[in-house]
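Spelled out from the first residue to the last, the chains are:
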Amino acid sequence: MKKRHRIAVRTLVDYALRSGDLDMRFAAPGRPQEGIRAHQRVQRQRPEGYRAEVAVSTEIETAGLTLVIGGRIDGVLETETGILVEEIKSTTRDLTHFKERPDLCHWGQAKVYAFLLAEENTLDEISVQLTYVHLDSGETLELVESFSYGLLKAFFQDLVERYLHWASMLSDWRRLRDESLTGLDFPFKGYRPGQRHMAVAVYRTLRDGRQALVQASTGIGKTMAALFPALKTIGEGHIERIFFLTARNTGKQAGLSALDLLEKKGGRIKRVCLTAKEQICFSPEGSCTPDACEYARGHFDRLAGALHAAFALDNLEREAIEAMARDHRVCPFEFSLELALWADCILCDYNYAFDPRVYLRRFFDEESGAYAFLVDEAHNLVDRSREMFSARLCKADFLELRRAVKDRLPSVHGAAGKLAAWMRKAAKRPLGADGFGADPTPPEGIAQLLHGFAKSAERWLAKNEPAPFRELLLERYFEINGFLRVLDGFDDSYVTCYQAKGRDVTLKLFCMDPSRQLKAALARALATVFFSATLTPADYFETVLGCEDQPLKCSIPSPFPAERLKVLVADRVSTAYSKRAQGAGQIARLILSFVCSKKGNYLCFFPSYEYMAMAVEQFEPMAGELPIIVQERKMDEDQRRRFLERFRARGDRPLVGFAVMGGIFGEGIDLVGERLSGAVIVSVGLPGICPQRDLIRAYFDKWGRGFDYAYRFPGITRVLQAAGRVIRSEHDHGAILLVDSRFGRRDYSALLPSHWDMQRIGSIRQLEECLRHFWPADGCRSIEARTTEK
């Protein structure tokens, strides 16, 4: 059976006609909502007989594949004299630019649409109109040409011939890929307990085009249990492409490692790992223009060669992409996006699927397909999505810009001044003692000022002149466009926040409930699987993640013997904010007894840096010669690596690490076996009380779940993630000490895993006695013994 290879008209045209430089000079292509409205306004103004959004397609049969080319024509006008095909483009560029320098890709797209319509209706001649709409002035430029069917057919066939070689390569590859994946066996001798259960749930969800929430205990091999069945659905033709979405680089690396292992077992899968532009750019100090960057100069002339060379590789992670981009002198970031178009699995950050500012429009707007989203560590998506769909502006930023452009750009200087004045006035509204205020309605009067600033900025930015303030102006410009986009969708899930601090004022459109936007984003995929060790309670995540009605909810209990994990609860200790200072010494003594029960490595988790510092201050004098390592507020990759390397070896004395729950060491790290013997978790992990959390609480109080959604559930997620560092495999042995009086309450303990056999301890002596019976006798020593030695 021949493969059907689908391609959008725009993608076909871009592949065949793009040439020359990669030039990311400012052209203000943004403001998508305004662009949509401009399209619709033009369409409404057309006379009777005009049809908007006309779908056209054709199929081309070759010996090895069926090429399906399709798209939607913006408008078709039928009159007595003939048929006209209209392609509409919105822009903020001077319209004369398009008259003097015709855009080959724009014309190419319109001509392909005209050919498809002419062929469908057996027309000898057809007119093509390219209509440009200026987003600010509303002016239009209409460029019209008439083409014979023969000329359009020759043009179309030339495009197809250029693409068919590439399409044939892709088709041959996919045939080889499918054969390998259909026959691919699970890469290990057997499944870990619970792993097969998860794999079956993932397979059925993707096969049936559904959504699923899968909670599976740490250590069962969730990444493999997600990717292996997903690849099987590709081989069977249910899914075209996998997006493996992560919150951290460690997640991407786990995905790549799983795919490498499957490749060694015979599975063929082309995978691309996307890296943020600022991290992979070869000229981070320069701009993406042919004058400033040698990799941008002539990029498209060399791109085809780079793509063909890359096709020989299946694994295109960052190092491979950078090496090939240097060899062929192409932009590594744009090259990676091109590679993604024919990849079978794309490993990337959540942003590329969900964030309205940076999601992959080339897939989700221009192309379409049977995509699968595999959302790793999905509990992170809740807070991440709130920030994706929120927007903020600061008065200080506009004052800084005013100073920078004062002598050069009077219109921008004035527009920034008006915005700063608006925000200064906003700070005079009734605010709380902490300078914070909230309003359920959108901010009045600022939209017009923001549009005025954007227009002033665009007029200068479109000139693409160098200036020391250019990057600062660009930053404010895109920030404002993002703010306007959020303002355009403001509803009852948003609140306007005002924060006055000193002389500065921050205005924020805060998304309390991201479910509506996430639901729309999830529609970009045929099927989605959210998976994590902590999706408790499932109903909470189903609601805030915008899931479909009745998604599959699958909770896989820990497969590991309960006797390998000792969970102790010190519920006579209060971690209330007002009692933290006076209780820090008691917590330090508990930690000392816990870590001295057995030689090994330990992590102690706290809800904040301040609380952690109190405990460390009390612990250090008690610890004597015990090695201590403390997480710092800002750690680069090298510092993080050195922190974790300390846990590689087992020393003569316990190593005690102090870290923050929900931070870089609270989840997503593997410390298997002797690398981590136990964890102390201080408090139930509630996020710090703050105005925004209280707004979330008030919003969800409408359904009686305000405190749970704003504080309790996120807190327990942090606790479970921290606890999950201890047992990473079936051979691990570990202990957990939970310190907080609330762990003894039903409303908290009910959210903890049912397989935890928790034991309450009322004293340090009882703690030591419990651990003495749990651990082998290789290092358990009481406080009294240590005191005697000293």
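Anyway, here's the lowdown on the structure attached to this text. As the structure is a prediction and not an experimental result, all values here were calculated from the model. (Residues numbered from 1 in each chain as written. Predicted model: local features only at pLDDT ≥ 70, side-chain atom pairs only at ≥ 80, totals over all residues. Heavy atoms only, no water.)

For the protein chain, the helix and strand inventory stands at 29 helices and 25 strands. In summary, the protein chain has a C-alpha radius of gyration of 30 Å against a globular reference of 28 Å for 790 residues, a match within 12%. By its C-alpha atoms, the protein chain is 100 × 70 × 50 Å across when sized along the principal axes. For the protein chain, buried positions account for 56% of its 790 residues. The long-range share in the protein chain, meaning contacts at least 24 apart out of those at least 6 apart in sequence, stands at 78%. For the protein chain, the computed accessible surface area is about 34700 Å², with 48% contributed by carbon and sulfur atoms. Looking at the protein chain, you have 110 positive and 105 negative side-chain charges, and the mean spots of the two groups are 5 Å apart. (Helix = DSSP H or I, 4+ residues; strand = E, 2+ residues; numbered from the N terminus. Rg over C-alpha atoms; globule rule 2.2 N^0.38 Å. Buried < 20%, exposed > 50% of the residue type's maximum accessible area, 1.4 Å probe, protein only. Contact = heavy atoms within 4.5 Å. Areas by Shrake-Rupley, 256 points an atom, 1.4 Å probe, with all protein chains shown as cover. Lys, Arg positive; Asp, Glu negative; His and termini not counted. Charge placed at Lys NZ, Arg CZ, Asp CG, Glu CD.)

A few words now on unusual backbone geometry. Of note, the amide linkage connecting T536 to P537 takes the cis form, showing an omega dihedral of -10 degrees. Tracing the backbone through its elements, the reader meets P537 in the loop between strand 17 (527–532) and helix 21 (538–544). Of note in this structure, E377 is not a glycine but carries a positive phi near 45 degrees. When you line up the elements, E377 lands in the loop between strand 12 (371–376) and helix 15 (381–388). Even without being glycine, Q550 reaches a positive phi, approximately 55 degrees. Within the secondary structure, Q550 sits in the loop between helix 21 and strand 18 (552–556).

Below, the discussion takes up the packing of aromatic side chains. Evaluated as defined, the whole model comprises 43 aromatic pairs. The interplanar angle of 45 degrees and the centroid separation of 4.6 Å between the aromatic rings of F700 and Y709 together place this pair among those described as tilted. Grouping residues by exposure puts F700 and Y709 together as buried. Taken together through their ring pairs, the aromatic side chains of F243, F354, Y359, F363, F364, Y371 and F373 make up a single cluster. Stacked on the ring of F282, the Lys or Arg R326 has its end atom at 3.8 Å from the ring centre. (Phe/Tyr/Trp six-rings, centres within 6.5 Å; stacked < 30°, edge-to-face > 60°. Lys NZ or Arg CZ within 6 Å of the ring centre and 35° of its normal.)

Here we take up the sheet that holds strand 19 (residues 565–570). If you trace the seven strands from one edge of the open sheet to the other, you get 21-22-20-23-24-19-25, paired in parallel fashion. Pairing within the sheet leaves two strands with one partner each, and these edge strands are strand 21 (628–630) and strand 25 (758–760). Each neighbouring strand pair of the sheet contributes to a mean axis angle of 20 degrees, computed without reference to strand direction. Here strand 19 runs beside strand 24 (residues 734–739); their pairing, made up of six bridges, is parallel. The partner of L568 across the bridge, within strand 24, is L737. In the packing of helix 28 (residues 764–774) onto the sheet, contacts are made with strand 19, strand 24 and strand 25, and the angle to strand 19 comes to roughly 175 degrees. (Pairing = 2+ DSSP bridges. Axes fitted to C-alpha atoms, helices over the stretch in contact; angles between N-to-C directions.)

For the rest of this paragraph, the subject is the nonpolar core. Among the nonpolar cores identified, the biggest contains 190 residues, and L67, F335, F354, F373, F453, L545 and L738 are the most heavily contacted of them. Considering every element that reaches this core, the biggest residue donor is helix 5 (residues 149–182), with 11 residues. Contacts of F373, omitting those with residues within four sequence positions, involve F243, L245, A353, F354, F364, A521, L522, R524, A525, A527, T528 and V529. (Core = buried A, V, L, I, M, F, W, Y, C linked by side-chain atoms within 4.5 Å.)

Next up on the list: the side chain of N601. Looking at where N601 falls in the secondary structure, it is placed in strand 20 (residues 601–606). What makes N601 buried here is its relative accessible area of 1%. A polar contact is formed between the side chain of N601 and the backbone oxygen of R675, at a distance of 3.1 Å. (Polar contact = N/O pair within 3.5 Å; in protein donor to acceptor, adjacent residues only side chain to side chain.)

Strands pair in a sheet through their backbones, by hydrogen bonds, and they do so in one of two ways: parallel or antiparallel. Spatially, 13-16-15-14 is the arrangement adopted by the four strands of the open sheet, whose pairing is antiparallel. Of all the strands in the sheet, the pair left with one neighbour each is strand 13 (391–394) and strand 14 (436–439). Sheet twist, expressed as the average angle between the axes of neighbouring strands with direction ignored, equals 15 degrees. Bridge count for strand 14 against strand 15 (residues 494–501) is four bridges, and the pairing is antiparallel. The partner of D439 across the bridge, within strand 15, is T496.

Let us now look at the state of the cysteines. Inspection of the entire model under this criterion finds zero disulfides. The thiol of C273 is unpaired, and the distance to the nearest cysteine sulfur, on C348, comes to 8.4 Å. The thiol sulfur of C345 is not disulfide-bonded, and the nearest other cysteine sulfur, from C348, lies at 8.9 Å. (Disulfide = S-S within 2.5 Å.)

On to the environment of S257. If you trace the backbone, S257 turns up in helix 8 (residues 249–264). Overall, the relative accessible area of 45% leaves S257 in the partly exposed class. In this structure the C-alpha to C-alpha distance between S257 and M224, which are 33 residues apart in sequence, comes to 9.2 Å.

Moving on, we come to the pattern of salt bridges. Applying the stated rule across the entire model yields 45 salt bridges. Taken together, the salt bridges that share partners define one network made up of R705, D708, R712, R745 and D747. (Salt bridge = Lys/Arg side-chain N within 4 Å of Asp/Glu carboxyl O.)

The topology assignment puts D376 in strand 12. Apart from the residues lying within four places of it in its own chain, the contact partners of D376 are F244, L245, T246, G251, Y350 and F531.

Orientation of helix 25 (residues 691–700) relative to helix 26 (residues 706–723), taken along the N-to-C sense of each, is 135 degrees, at an axis distance of 5 Å. As summarised for this structure, helix 25 and helix 26 are arranged oblique, according to the angle between their axes. Seen from helix 25, the contacting residues are R693, D694, I696, R697 and F700; seen from helix 26, they are G706, F707, Y709, A710, Y711 and P714. (Parallel < 35°, antiparallel > 145°, perpendicular 65-115°, else oblique.)

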